[in-house]
Every structure is written in C-alpha cells, then in structure tokens.
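# Chain and residue survey
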Amino acid sequence: MRFQELMPDPLHWLGVTRIDKFISMSDMKYDAIVSSGIEIIDRIDIPDELIPPDAKASAHDASRFLQMPPDAKARPPPSAHDGL
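The structure reproduced in this document is the subject of the present report. Residue numbers here run from 1 along each chain, matching the order of that chain's written sequence. Reporting in this predicted model follows two pLDDT cut-offs: at least 70 for local features of residues, and 80 or more for side-chain atom pairs to be given and counted; totals over whole chains, interfaces and linings ignore these cut-offs and use all residues. Heavy atoms from the whole structure form the basis of all side-chain values; hydrogens and water molecules are not counted.

### Some thoughts on the side chain of Gln4
Convention followed: Numbering of helices and strands runs from the N terminus; a helix is a DSSP stretch of H or I covering at least four residues, while a strand is a stretch of E covering at least two. Only protein chains enter the accessibility calculation, which uses a 1.4 Å probe. A residue is then buried if its area is under 20% of the maximum for its type, exposed if over 50%, and partly exposed in between. Contact definition: two residues touch when any of their heavy atoms are within 4.5 Å.
Assignment of secondary structure puts Gln4 in the segment before helix H1 (8-13). The class for Gln4 is buried, based on a relative accessible area of 9%. Excluding its chain neighbours within four sequence positions, the residues that come into contact with Gln4 are Met28, Lys29 and Ala32.

### Looking at the nonpolar core
Proteins that are soluble and globular tend to have nonpolar side chains buried together. We apply this condition: In these notes, a set of buried Ala, Val, Leu, Ile, Met, Phe, Trp, Tyr and Cys residues joined through side-chain atoms within 4.5 Å is what counts as a nonpolar core.
Counting residues in hydrophobic clusters, the biggest one holds five residues: Ile19, Phe22, Ile33, Ile38 and Ile40. Excluding anything up to four places from it in sequence, Ile33 contacts Met7, Pro8, Leu11, Ile19, Phe22, Ile38 and Ile40.

### A word on the environment of Arg43
Inclusion rule: Nitrogen and oxygen atoms within 3.5 Å of one another constitute a polar contact, given that in protein one can donate a hydrogen and the other can accept it, and given that sequence-neighbouring residues count only through two side-chain atoms.
Relative to the elements of secondary structure, Arg43 occurs in strand S2 (residues 39-44). Once the C-alpha coordinates of Arg43 and Ile23 are considered, the two residues, 20 residues apart in sequence, prove to be 6.2 Å apart. Every residue in contact with Arg43, bar those within four places of it in the chain, is listed here: Phe22, Ser24, Ser26, Asp27 and Tyr30. Within the structure, Arg43 has its side chain in polar contact with the side chain of Asp27 (distance 2.7 Å).

### Focus on the side chain of Ser24
In this fold, Ser24 is placed in the loop between strand S1 (18-23) and helix H2 (27-35). In this structure Ser24 comes out as buried when scored by relative accessible area, which is 15%. Once residues lying within four places of it in the same chain are set aside, the contact partners of Ser24 are Lys29, Arg43, Ile44 and Ile46.

### Side note on the packing of aromatic side chains
Test applied: Geometry of aromatic contacts follows a simple scheme: Phe, Tyr and Trp rings, the Trp one being its six-membered ring, pair when their centres are within 6.5 Å, and the pair is stacked under 30 degrees between planes, edge-to-face over 60, tilted otherwise. The criterion for a charge sitting over a ring is simple: Lys NZ or Arg CZ within 6 Å of the ring centre, and within 35 degrees of the ring normal.
Scanning the model with the defined rule gives one aromatic pair in all. Between the aromatic rings of Phe22 and Tyr30, the centroid separation amounts to 6.2 Å while the plane-to-plane angle is 50 degrees, which identifies the pairing as tilted. We classify Phe22 as buried; its relative accessible area is 8%. On the accessibility criterion, Tyr30 (23% relative accessible area) is partly exposed. Here the basic side chain of Arg43 rests over the ring of Tyr30, its NZ or CZ set 4.3 Å away from the ring centre.

Okay, here's the thing in structure tokens:
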C-alpha cells in the first residue's frame, strides 16, 4: 500500500509551494498535494492514446475491490495474540 499523504513531504522540504502544471493520473496524489497546502495551478490530463491498456480501470474493475464475495465471512482484525 502506498501512503500518498506522505508524498508531499519531500516537496515541502524542497520549498515547493506551487506547481504550475501537474500531470498525473492519480487523484490520490493530487488530493494529497493540495491538502498539504501546495497550490496546483493547472492540472493536465494525460491523453488516452498515451495510457497503456493495462493502466486503464473500468467501473467493473473498481467495483470488485468494493464488494465482498457472497461466501466470505466477516472476520475480526488480527490481534497481537495471533502471532503476526
């Protein structure tokens, strides 16, 4: 798992307070930068022809992460006593 909230830290360390042209497919990256106080002037979309087919997610692909399989049972989170 990536922690996008930490991603702006090096930008702040370098003194970045504004990005004139931001090119990224990641809404999480954009949200992390903006919520950290860095201003983004122009967000540029990547043209569809430059996005590889395996990088595109359909609504079906996204929904499979949001739904629990019908045969799955809810389990409590592991505790320190589980030996993990």
